[in-house]
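Chain by chain, the residues:
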Amino acid sequence: MPSGNLLSRRKRSWRANELVSRSTLQLLDFDDGSPPEHAWRRKLSSHANRLKEFNVTFREAIRMMKLGLRLWSYIREEASHGRKAPIDPFTRESNRPSASQGVPLGGMGSGSISRGFRGEFKHWQITPGYCEMSPVMANQFSIFVSRGGNKKYASVLAPGQLDGLKKSWDDGISSWDWKLKGDRSTYHALFPRAWTVYDGEPDPELKVSCRQISPFIPHNYQESSLPVSVFVYTLVNTGKEKAKVSLLMTWANSIGGLSHHTGGHVNEPFIGENGVSGVLLHHKTANNNPPVTFAIAACENQNVNVTVLPVFGLSGESSVTARGMWGTMVQDGSFDQDNFNAGASMPSSLGDTVCAAVSASTWVEPHGRCTVVFALAWSSPKVKFKKGSEYCRRYTKFYGTSPRSAVNLVQDALMKYKHWEEAIDKWQTPILSDERLPEWYKITLFNELYFLVAGGTVWIDSESLVVDADNKLNSSLLEDSDSPLRDSTFNSTAPLIGFDPHEIDDKENVGKFLYMEGIEYFMWCTYDVHFYASFALLELFPKIELSIQRDFARAVLREDNTRVRFLADGTWGIRKVIGAVAHDLGAHDPWHELNAYNIHDTSRWKDLNPKFVLQIYRDFSATGDMSFGKDVWPAVCTAMEYMEQFDHDGDGMVENDGFPDQTYDAWTVQGVSAYCGCLWLAALQAAAALARSLGHDDYAERCMLRFAKAKSVFEARLWNGSYFNYDSGTSYSSRSIQADQLAGQWYTASSGLPPLFDEDRIKCTLQKIFDYNVMRVKGGRMGAVNGMHPNGKVDETCMQSREIWTGVTYSLAATMLLHGMEHQAFTTAEGIYITGWSEEGYGYWFQTPEAWTVGGHYRSLIYMRPLAIWAMQCALSPPKSILEAPRVNTMDRAHISPGTLQFLQDSVRRITPKNGCFGNNVFNWDC
């Protein structure tokens, strides 16, 4: 851990009472209504500026012209089949991104809805791979207050930003009262919760706090899958008269965009158990996608009365208009109790928008307090991918697949949310109360987890995998009765070599989990990026992390001979090569059709296989799960043997092949490289350590012989006295200082293995990166630029060399922490906070991009890699099993037998399975 003296001197980022008066905080400090001491904060009146997207330079555009033409053609081809291409830089959202994001709603993997800090519901990701960014402005909370006499207040609880508000002829939502200015209202975010405090708006004598709670609970694999959120309103009357307060939740039957116009949508009221009542909104999706049912509800008790309006419309043709609904609330503060008997509405017509409303009314005595609670659930039990596979979501294991499960979801949420908060507090408090840590770090650490909800995650019940596998097998049998398994050259969705469709590997018993690389890069579990992000899953949901690793281990032993054109050079190859680690788990048919990425042939990448071995060993050492290690061991052996072909001169070190054959897929590498070479050294050591743990000492000896040979080559070719050169080539970039050059050492140290190099060289390299890549870019206030020339100028060889990658900056900071460089680590990582999250930055909160330029222009919002901030936390508080593991140097062997000098060739081929990935005889294989 860092020293207390160093970090305690760091300036505090903010205090709650800088934006909310201390007296208001004290008044709201019951039932957790007051926001926490540590949180990300904004005034609701803050301007949400448009974000600046990056542009390629003229030279880069010329260089990538052929790629661009081939990509354009591929995007059009996919669109003709009704599919989205994994990468599409040509299509732009009509609603440009802005600095308006906030904490998203719900648990993981059941479809997500984000909520901006000013209250708008936006970024709808109900259908896998599709994100509708525009807000649905009919979805709002509103307040109505009446006191003695003619004292009345009514307003939507969001700043009035709509054009033409209060049009006399409009029967839609602009007829509502949008009176909130937002200058006395503030937003406080600490994922998975958020607080909005209305300090005398719109009623100067009423203090209101809305607390948004979602069931994101580490190590809880049930409730963390639920598509539900709770909104707890705390009301404090500071006036001398009692006040009737009515809170209103309105919701459109829509999943974003123009989906509410497609017709066939039905609303119906319901009365549940324990005082819970509300409205179900059954949404008929377009394009044969599975339906969605929303439930909006409130909890009635002796102090709170709940009424509903099952249907109202946004046009004058509706029987009840938005204007009429608002007028009823202004006058009465509630709806007719008989509305609960209305039954299901008629299906909506094409072009019509149907909405529903739930009102909760209460009396608040002078200087009294009251709590009103709402809940929102969205039940979409089936998830369907474009190439036909359909699965049940994880939450259906506990709630079933009926559309009416939404009722049970809101009922349980309203009854259990306090238990959720207790679990969240228990998780977060030790970190938040650690005075040695900078405040910005504590807040950003939790808030970067937004991606596990808003990053397009899909979490399915493993039982539905069995059904899907049976369907696929039956389909292939019908198509070719002479062959039980059709050749994948002709049917890319047929079972692949080395894959038994009946073998469902869910040994962790947590279902199957997918998360996208980013909302602009539609690929599931992109592995070279997961390498950075996986620390969050390992720390918080280790069974999910092991499940993903098992998926990739099985994929190592599979092949798919489908012909694929690689767009960077126009060559053709096969989709998946046996022995090569998959780049991703696919896009439109995950688990079955791998490698959606087709820019380069990733079977020739030099980083994926070492990253696989490193992640396997890190997870094995962190969890101590021996069965996991044994199960994935054949895939580790195969992945290591596969790398043999890239050692072109037999010196033990792999070489890059003169194209961007690694995660920096626009940055060419030639010969021995700092990034891939360091990963290879670390993988050799990790494979040896895993082999020793599993009793394969001969294999470990061979790995360490190779390690010793390769290390001497690596240092001789690349070490220049203060850092490792980018590569051993002769290009202008070859002597660049790469921020990520010690990625292998990062994993080595994170896994409790001996350092790859002398400690002096490691610290010297890190200091060089800090002095140049960090501090020479805006004084260290932006993070670490990927490439920097020794003369102190940014390497502008390509788009990626001149970018600052947020996740790489966090991983670099983690490496610094692991080597006792606390000041450099937190200064480096703080640059990401300053640029992305602070008020003086560019507005990337809750949408942290893959990269930004020195000018602050982003590339790829809502990206996976920034979850690497959790690598910093793992460095500060390593897993107990790693802390307590004996420090055994893998080179300490008294004798190396002559028979081990032939590395891998014969033995690995002998153990590679020909049928199922992990058969019953896996434990007996000799390596």
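- The name recorded for the protein in an unreviewed UniProt entry is Non-lysosomal glucosylceramidase, from Urochloa decumbens.
- Per UniProt, the comment on the protein under Catalytic activity (unreviewed entry) is "a beta-D-glucosyl-(1<->1')-N-acylsphing-4-enine + H2O = an N-acylsphing-4-enine + D-glucose".
- UniProt lists a comment for the protein under the heading Function (unreviewed entry), and it reads "Non-lysosomal glucosylceramidase that catalyzes the hydrolysis of glucosylceramide (GlcCer) to free glucose and ceramide."

### Overview of the sheet that holds strand S4 (residues 140-146)
Link 1 in the chain: Spatially, S5-S4-S10-S15-S14 is the arrangement adopted by the 5 strands of the open sheet, whose pairing is antiparallel. Only two strands of the sheet have a single partner each, and these edge strands are strand S5 (152-156) and strand S14 (304-313). Direction aside, neighbouring strands of the sheet carry axes that sit 15° apart on average.
Link 2 in the chain: Note that S4 and strand S10 (residues 243-252) share 7 bridges and pair antiparallel. Bridged to serine 146 within S10 is lysine 244.

### Considering the side chain of glutamate 60
Link 1 in the chain: One can find glutamate 60 in helix H3 (residues 58-63).
Link 2 in the chain: A relative accessible area of 3% places glutamate 60 in the buried class.
Link 3 in the chain: Within the structure, the side chain of glutamate 60 is placed 2.9 Å from the side chain of arginine 802, a separation counted as a polar contact.
Link 4 in the chain: Setting aside residues no more than four positions away along its own chain, glutamate 60 makes contact with Cys798, Met799 and Arg802.

### Comments concerning the packing of aromatic side chains
The description of two aromatic rings rests on the distance between their centres and on the angle between their planes.
Link 1 in the chain: For the coordinates displayed, the defined rule picks out 64 aromatic pairs.
Link 2 in the chain: Ring centres of phenylalanine 141 and phenylalanine 231 lie 5.0 Å apart, and the angle between their planes is 55°; this geometry places the pair in the tilted category. Separated by 90 residues along the polypeptide, phenylalanine 141 in strand S4 and phenylalanine 231 in strand S9 (residues 228-237) bring together distant segments of the chain.
Link 3 in the chain: Owing to a relative accessible area of 2%, phenylalanine 141 belongs among the buried residues under this scheme.
Link 4 in the chain: The class for phenylalanine 231 is buried, based on a relative accessible area of 0%.
Link 5 in the chain: Relative to phenylalanine 826, the ring of tryptophan 440 lies with its centre 6.4 Å away and its plane at 75°, an arrangement referred to as edge-to-face. In this pair, tryptophan 440 is assigned in helix H8 (residues 439-447) and phenylalanine 826 in helix H20 (residues 822-837), connecting sequence segments 386 residues apart.
Link 6 in the chain: Exposure remark for phenylalanine 826: the relative accessible area of 0% places this residue in the buried category.
Link 7 in the chain: Counting every residue linked through ring pairs, the aromatic cluster contains Trp40, Phe117, Tyr187, Tyr450, Phe451, Trp459, Phe513, Tyr515, Trp837, Trp845 and Phe846.
Link 8 in the chain: Here the guanidinium or amino end of arginine 776 rests over the ring plane of tyrosine 772, the centre of that ring lying 4.1 Å away.

About the criteria used
Residues numbered from 1 in each chain as written. Predicted model: local features only at pLDDT ≥ 70, side-chain atom pairs only at ≥ 80, totals over all residues. Heavy atoms only, no water. UniProt positions renumbered as here; feature names shortened; annotations may be inferred. Pairing = 2+ DSSP bridges. Helix = DSSP H or I, 4+ residues; strand = E, 2+ residues; numbered from the N terminus. Axes fitted to C-alpha atoms, helices over the stretch in contact; angles between N-to-C directions. Buried < 20%, exposed > 50% of the residue type's maximum accessible area, 1.4 Å probe, protein only. Polar contact = N/O pair within 3.5 Å; in protein donor to acceptor, adjacent residues only side chain to side chain. Contact = heavy atoms within 4.5 Å. Phe/Tyr/Trp six-rings, centres within 6.5 Å; stacked < 30°, edge-to-face > 60°. Lys NZ or Arg CZ within 6 Å of the ring centre and 35° of its normal.

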